[in-house]
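Topology and contacts: notes
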Amino acid sequence: MALTGITTVLLDLDGVLYVDEDPIPGALEAVEELRGRGLQLRFVTNTTSRSRAQVAARLARLGFTLPADSVLTPAALAVRHCGARGHRRVRFLVAPALREDLAGLAEAPAGEQPDAIILGDLGEGFTYHALNNAFRAMEAGAELVALQRNRFWRRSDGLAMDVGAYVAALEYATGMEATVVGKPEPAFFAAALADAHGDSAHAVMVGDDIEADVGGAQAAGIHGVLVRTGKFREGAAARSGVVPTATIDSIADLPALLDG
Ligand SMILES: [Mg+2]
């Protein structure tokens, strides 16, 4: 099959273009081919352990030539959300590197109740102490703003639990629901489309996460293509109940899928 009439291509990064420092074979050539056809490309990532600039720098190091502002992360949407909700002071539960992308938010002084908790990837910093402090702040009225809620991701040493598991823990303890700003939120996809001046009917999202990438895109009216690289697992895809528009072995097969 082929997907025709596509003008905008949204690409997940981790597990689609690379795993750690290793590019997926054929990824560089596929991106160049799509760009050469005049398609609008945007790189839409839920990565919250690195800043947008660091993500762009890694792409450049791996050989991908693209404008830094074509990388879109959830941090900007978190800033926008807190502004809209009138949050004045927030508590950051994010990697230090991410703080530069959240410069639009003011940190609550130690000991002061925040209006919101900004939750990203803390890695080894996900301690009982850190989570319990977030729990207490939520009990006192803070909104939990999660940059993403992915279940797991793929590192070079194997699968790894992602932010979603900690979001679920805090939701369970408080009985409250988090606000998620990254994929699979339709607002994130809408922001990416607006940035590319594209429309959903002529756009495709390509990812290795059946729920956040494929299911999220489809909920926003965008074609969702699943790749069998990165965190892809046949079982997880089947369990999700999400049916991709197409499934391809890797991004190397994307140009052929979009032919015509
Ligand atoms: Mg991915």
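1. Notes on the nonpolar core
- With 72 residues, the main nonpolar core has Ile117, Ile118, Leu119, Val145 and Val206 as its most contacted residues.
- Two domains each donate at least three residues to this core, and these are domain 1 (8-73 + 183-257) and domain 2 (75-180).
- Excluding its chain neighbours within four sequence positions, the residues that come into contact with Val206 are Val9, Leu11, Asp12, Val16, Val225, Val227, Ile251 and Leu254.

2. Let's talk about the sheet that holds strand E1 (residues 8-11)
- Spatially, six strands are ordered E5-E4-E1-E12-E13-E14 in an open sheet, and the strand pairing comes out parallel. Lying at the two open borders of the sheet, with one neighbouring strand each, are strand E5 (71-72) and strand E14 (246-248).
- Pairing of E1 with strand E4 (residues 40-44) involves four bridges; the strand directions are parallel. Within E4, the position partnered with Leu11 by the bridge is Phe43.

3. Focus: helix H1 (residues 27-36)
- Where H1 is concerned, the buried positions are Ala27, Ala30 and Val31. In an axial view of H1, the angular spread of the buried residues amounts to 95 degrees, which keeps them on one side of the axis. Residues of H1 that are exposed and point over 90 degrees away from its buried face: Glu29 and Gly36.
- On its buried face, H1 is in contact with strand E3 (22-23), E4 and helix H9 (254-257).

4. Structural notes on the packing of helix H4 (residues 128-139) against helix H5 (residues 163-174)
- Look at H4 against H5: their axes get within 10 Å of each other, and the N-to-C directions meet at 45 degrees. On the basis of their axis angle, the class for H4 and H5 is oblique. The crossing of H4 and H5 is right-handed. In this structure, H4 uses Leu131, Ala134, Phe135, Met138 and Glu139 to contact H5, whose residues at the interface are Tyr166, Ala169, Leu170, Ala173 and Thr174.
- Of the residues that constitute the contact of H4 with H5, the class distribution is eight nonpolar, one polar and one charged.

5. Focus on unusual backbone geometry
- Omega for the bond connecting Lys183 with Pro184 falls within 30 degrees of zero, at 10 degrees, which places this linkage in the cis form.
- If you trace the backbone, Pro184 turns up in the loop between strand E11 (179-180) and helix H6 (186-195).
- The phi dihedral of Asp20 falls on the positive side, at around 55 degrees, and the residue is not glycine.
- With respect to the helices and strands, the residue Asp20 is situated in the loop between strand E2 (18-19) and E3.
- Phi is positive for His197, close to 55 degrees, though the residue is something other than glycine.
- The topology assignment puts His197 in the loop between H6 and strand E12 (203-207).

6. A closer look at the pairing of E12
- Of all five residues that make up E12, five are buried, and the element is covered over most of its length.
- Of the two faces of E12, the one carrying Ala203, Met205 and Gly207 and the one carrying Val204 and Val206 are both buried.
- Judged from the four bridges that link them, E12 and strand E13 (residues 223-227) form a sheet pairing that is parallel. The residue of E13 that forms the bridge with Met205 is Gly224.
- What joins E12 to E13 is helix H7 (residues 210-219), and the crossover it makes is right-handed.

Each value, and the rule that gives it
- Residues numbered from 1 in each chain as written.
- Predicted model: local features only at pLDDT ≥ 70, side-chain atom pairs only at ≥ 80, totals over all residues.
- Core = buried A, V, L, I, M, F, W, Y, C linked by C-beta atoms within 7 Å.
- Buried ≥ 20, exposed ≤ 12 C-beta atoms within 10 Å, placed from the backbone.
- Domains from an automatic or database assignment.
- Contact = placed C-beta atoms within 7 Å.
- Pairing = 2+ DSSP bridges.
- Helix = DSSP H or I, 4+ residues; strand = E, 2+ residues; numbered from the N terminus.
- Arc of directions from axis to C-beta.
- Axes fitted to C-alpha atoms, helices over the stretch in contact; angles between N-to-C directions.
- Parallel < 35°, antiparallel > 145°, perpendicular 65-115°, else oblique.
- Left-handed = near helix turned anticlockwise from the far one by under 90°.
- Nonpolar A, V, L, I, M, F, W, Y, C, P; charged D, E, K, R; others polar.
- Right-handed = clockwise from strand over helix to strand, strands pointing away.

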